[in-house]
Amino acid sequence: QVQLVESGGGLVQAGGSLRLSCAASGSIVSINTMAWHRQAPGKQRELVAAIIGGGGTNYADSVKGRFAISRDNAKNTVYLQMNSLKPEDTGVYYCAAAVIATTISGSRAYWGQGTQVTVSS
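For the structure given in this document, a descriptive report is provided here. (Residues numbered from 1 in each chain as written. Predicted model: local features only at pLDDT ≥ 70, side-chain atom pairs only at ≥ 80, totals over all residues. Heavy atoms only, no water.)

1. Let's talk about the sheet that holds strand β8 (residues 77-82)
Working step 1: Overall, antiparallel pairing links the 4 strands, which are arranged β1-β3-β8-β7 in an open sheet. Each edge of the open sheet is held by one strand with a lone partner, namely β1 (2-7) and β7 (67-72). Within the sheet, the average angular offset between the axes of one strand and its neighbour, ignoring direction, is 15 degrees.
Working step 2: Bridge analysis of β1 against strand β3 (residues 18-26) gives 6 bridges, and the strand direction is antiparallel. (Pairing = 2+ DSSP bridges. Helix = DSSP H or I, 4+ residues; strand = E, 2+ residues; numbered from the N terminus. Axes fitted to C-alpha atoms, helices over the stretch in contact; angles between N-to-C directions.)

What follows is the structure, encoded as structure tokens:
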């Protein structure tokens, strides 16, 4: 089994910053793409940012220039640095990882439980 645990969420004023972390642990051989998604109440979950093993990144248009995704492969950890936060960034942020595990059945996408980010006006 592989587990992803997020941390770093909280309440912040508009214009402020937060850094989210997500650490993967378990029967991991390697991790390909890692990503952050978010979901506001009554809204669809959306991709915020993704990073591949080689370091290439993709961002939602709404966060380009404000958010930065990075990873530490030695720690199996992905980060999301969020700057210039806006109220519309509020939501539950979930990390996800495409994992190559020690078994074929364990090799799949895994999701964390989510961490709440609230941006006040």
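Next, the rest of the story.
2. Some thoughts on the state of the cysteines
Working step 1: Within the structure shown, the criterion is met by 1 disulfide.
Working step 2: Residue pairing for Cys22: its cysteine sulfur links by disulfide to Cys95, the two sulfurs lying 1.9 Å apart. Linking Cys22 and Cys95, the disulfide has an S-S dihedral of approximately 45 degrees and is accordingly described as right-handed. Of this pair, Cys22 sits in strand β3 while Cys95 sits in strand β9 (residues 91-101), and the two are 73 residues apart along the sequence. For the pair Cys22 and Cys95, one class covers both residues: buried. (Disulfide = S-S within 2.5 Å. Buried < 20%, exposed > 50% of the residue type's maximum accessible area, 1.4 Å probe, protein only.)

3. Observations regarding the nonpolar core
Generally speaking, nonpolar side chains in soluble globular proteins are found buried as a group.
Working step 1: Ranked by internal contacts, the top residues of the largest apolar core, which has 30 residues, are Trp36, Leu80, Met82 and Tyr93.
Working step 2: The element best represented in this core is β9, accounting for 5 residues.
Working step 3: Once you skip the residues sitting within four places of it in the chain, Leu80 turns out to touch Leu18, Arg19, Leu20, Trp36, Val48, Ala49, Phe67, Ala68, Ile69 and Tyr93. (Core = buried A, V, L, I, M, F, W, Y, C linked by side-chain atoms within 4.5 Å. Contact = heavy atoms within 4.5 Å.)

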